Amino acid sequence: MTPEPASRPEAERLAIEFLSRVWGPAHDLDAIDELMTEDYAIHSAGSIIRGRDT
């Protein structure tokens, strides 16, 4: 079963938390598993990164 997409405010909150925890000074890589679904995709430097294991 596919989860429902997050509401816009929730999606924005998740994006900000992801950026601050993963890309911020802490580099908390465990936050990826905590905040993202297994099939998430993110655009970075012109590439699409899919999934947690990439």
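What you see is a predicted model, and the numbers here were worked out from it, not measured in a lab.

**Topic: unusual backbone geometry**
Working step 1: The phi angle at His27 is positive, at roughly 45 degrees, despite the residue not being glycine.
Working step 2: By the element assignment, His27 lies in the loop between helix 1 (8-23) and helix 2 (30-35).
Working step 3: We note that Ala45 has phi near 55 degrees; this positive angle belongs to a residue other than glycine.
Working step 4: Tracing the sequence through the fold places Ala45 in the loop between strand 1 (41-44) and strand 2 (47-50).
Working step 5: Classification of Ala45 by relative accessible area gives exposed; the value is 83%.

**Brief notes about the pattern of salt bridges**
Working step 1: Applying the stated criterion across every chain, the model contains six salt bridges.
Working step 2: Here Asp28 and Arg21 are joined by a salt bridge, their closest N and O atoms 3.0 Å apart.
Working step 3: Overall, the relative accessible area of 24% leaves Asp28 in the partly exposed class.
Working step 4: Taken together, the shared-partner salt bridges connect Glu10, Arg13, Glu17, Arg21, Asp28 and Glu34 into one network.

Criteria and cut-off values
Residues numbered from 1 in each chain as written. Predicted model: local features only at pLDDT ≥ 70, side-chain atom pairs only at ≥ 80, totals over all residues. Heavy atoms only, no water. Helix = DSSP H or I, 4+ residues; strand = E, 2+ residues; numbered from the N terminus. Buried < 20%, exposed > 50% of the residue type's maximum accessible area, 1.4 Å probe, protein only. Salt bridge = Lys/Arg side-chain N within 4 Å of Asp/Glu carboxyl O.

Purely geometric stuff here, so don't read any function into it on its own.
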